[in-house]
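# Architecture at a glance
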Amino acid sequence: MENKITYEIVQHQTVIHFFGEVDINHVGYYRSKIQTIFLLDDGDVIFDFKNTTFIDSAGIGLVLGRFQSLEMQQRKLSLCALSKTAYKVFELSGLFELMDYLQEVKL
Amino acid sequence: MKNEMDLSFTAKIENESFARTCVASFLTPLNPCIDDVVEIKTIIGEAVSNAIIHGYNNDGVSKVLLSVMIENQQTIKMIVQDFGKGIKNIEEAKKPMFTSKKELEHAGMGLTIIEALSDRLEIISTLDLGTKLIMVKSLQQYDETKHD
């Protein structure tokens, strides 16, 4: 599967879809791309991992960093559709104490 | 079934994905379930990126060694070794959210994740001599009736 991110902004809500691997090789590029997407709207954000095949701790760092950047603008970040293993490591990292988890994206 | 593999590769971060994919292919004959494969890939990914980034500072020259041993149908032993910087304080490094490279926006979760996903983690490290991670993981019994 191709590694990429896509986004849509629907009703003042930004959804970012992650495809393929969200690992140490890709987080640098994704970070700057996501920061640019954040500038397009000032509403809440959902990260959708439905089509993500692999996430490592660099991916967790990416999510945490974006959460902090949104928090400074009083915007909310929610996470969606993680794999079983990814859910486990996100939980371990305490991310669900900071962010909501959704089973699927509902717009 | 006893089986072993050894792999040696340069400390370049793009080799992290190569290493975890290699291990997943090596384990294919065991017919592991998808959750086990993803967990093992995560364990290998974290261990190898630690060796490359922290052990060798991403120098693109030094070698990381990776061995995988299938001890029986269910038990996998994985060893990731570098001859780099070593860990100053292992207990501190294992703490969640600890990172020695804050500027990289890493979560500091690598060792915590490895410890949580594997059955056993042993860290042998000496400053300026390197670090060796020994990880053992048991596979779930593959049962086709549960994977319809």
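See the structure above.
Summary of the structure given here. (Residues numbered from 1 in each chain as written. Chains lettered and ligands numbered in written order. Predicted model: local features only at pLDDT ≥ 70, side-chain atom pairs only at ≥ 80, totals over all residues. Heavy atoms only, no water.)

## Section: the sheet that holds strand E3 (residues 44-55) of chain A
Backbone hydrogen bonds hold the strands of a sheet together, and the pairing may be parallel or antiparallel. Residue and element names in this part refer to chain A. Judged by pairing direction, the sheet is mixed, and its five strands sit side by side in the order E1-E2-E3-E4-E5 without closing on themselves. Unpaired on one side and paired on the other, strand E1 (4-10) and strand E5 (100-102) mark the two borders of the sheet. Here the strands of the sheet are splayed against their neighbours by 25 degrees on average, with no regard to which way each runs. Here E3 runs beside strand E4 (residues 77-80); their pairing, made up of four bridges, is parallel. Residue pairing in the sheet places Phe47 in a bridge with Leu79 of E4. Sheet contacts for helix H2 (residues 57-71): strand E2 (13-22), E3 and E4; angle to E3, the most-contacted strand, approximately 175 degrees. (Pairing = 2+ DSSP bridges. Helix = DSSP H or I, 4+ residues; strand = E, 2+ residues; numbered from the N terminus. Axes fitted to C-alpha atoms, helices over the stretch in contact; angles between N-to-C directions. Contact = heavy atoms within 4.5 Å.)

## Points about the interface of chain A and chain B
Each partner contributes to the interface: chain A provides 22 residues, whereas chain B provides 24 residues. The junction of chain A with chain B conceals about 1900 Å² of combined surface from both sides, 57% of it contributed by carbon and sulfur atoms. Among the residues chain A hides against chain B, the three largest losses belong to A:Ile24, A:Phe54 and A:Thr85. Together they make up 28% of the total. Breaking the side of chain A that touches chain B down by element, the ones donating at least two residues are E3, H2 and helix H3 (84-92) of chain A. Of the residues contributing to the side of chain A that touches chain B, the split by class is nine nonpolar, six polar and seven charged. (Buried area = accessible area lost by both parts, 1.4 Å probe. Nonpolar A, V, L, I, M, F, W, Y, C, P; charged D, E, K, R; others polar.)

## A look at the packing of helix H1 (residues 27-38) of chain A against H2(A)
Residue and element names in this part refer to chain A. It is the contact of H1 with H2, at a shortest axis distance of 10 Å, that shows an interaxial angle of 20 degrees. In terms of their interaxial angle, H1 and H2 are classed as roughly parallel. Read as a crossing pair, H1 and H2 show a hand that is right-handed. Across the interface between the two elements, Val27, Tyr30, Arg31, Ile34, Gln35 and Phe38 from H1 touch Ala58, Gly59, Leu62, Arg66, Ser69 and Leu70 from H2. Split by residue class, the contact of H1 with H2 holds seven nonpolar, three polar and two charged. (Parallel < 35°, antiparallel > 145°, perpendicular 65-115°, else oblique. Left-handed = near helix turned anticlockwise from the far one by under 90°.)

## Quick notes on the packing of helix H1 (residues 15-27) of chain B against helix H2 (residues 34-55) of chain B
All names here are of chain B. In contact at an axis separation of 8 Å, H1 and H2 are set at 145 degrees when each is read in the N-to-C sense. H1 and H2 meet at a crossing whose hand is right-handed. On the side of H1, the interface is formed by Glu16, Ala19, Arg20, Val23, Ala24 and Leu27, while H2 contributes Val37, Ile40, Lys41, Ile44, Gly45, Val48, Ser49 and Ile52. Grouping the constituent residues of the contact of H1 with H2 by class yields nine nonpolar, two polar and three charged.

## Comments concerning the sheet that holds strand E5 (residues 130-138) of chain B
Residue and element names in this part refer to chain B. Within the open sheet, the five strands sit side by side as E1-E2-E3-E5-E4. Their pairing is antiparallel. The sheet is open, and its two edges are formed by strand E1 (3-10) and strand E4 (120-126), each paired on a single side. Averaged over all pairs of adjacent strands, the angle between their axes in this sheet comes to 10 degrees, without regard to strand direction. Here E1 runs beside strand E2 (residues 63-70); their pairing, made up of eight bridges, is antiparallel. What sits directly across from Met5, in E2, is Val68. Sheet contacts for H2: E1, E2, strand E3 (75-82) and E5; angle to E3, the most-contacted strand, approximately 15 degrees.

## Topic: the nonpolar core
Among the nonpolar cores identified, the biggest contains 67 residues, and A:Phe18, A:Phe47 and B:Leu66 are the most heavily contacted of them. Here the element with the most residues in this core is H2(B); it accounts for eight residues. Setting aside chain neighbours within four positions, we find B:Leu66 in contact with B:Met5, B:Asp6, B:Leu7, B:Phe9, B:Ala19, B:Val23, B:Ile44, B:Ile79 and B:Val80. (Core = buried A, V, L, I, M, F, W, Y, C linked by side-chain atoms within 4.5 Å. Buried < 20%, exposed > 50% of the residue type's maximum accessible area, 1.4 Å probe, protein only.)

## What about the environment of B:Ile114?
In this structure, B:Ile114 sits in helix H4 (residues 110-117). B:Ile114 has contacts with B:Ile43, B:Glu46, B:Ala47, B:Leu121, B:Leu133 and B:Met135, leaving out every residue within four places of it along the chain.

## Some points on the pattern of salt bridges
What the rule picks out here adds up to nine salt bridges over all chains. The residue B:Arg20 makes a salt bridge to A:Asp23 at a minimum N-O spacing of 2.9 Å. With one member in each of two chains, B:Arg20 in helix H1 and A:Asp23 in the loop between E2 and H1 form a pair that bridges those chains. Here B:Arg20 matches A:Asp23 in class, with each residue buried. If you follow the salt bridges from partner to partner, you end up with A:Glu21, A:Asp23, B:Glu16 and B:Arg20 in one network. (Salt bridge = Lys/Arg side-chain N within 4 Å of Asp/Glu carboxyl O.)

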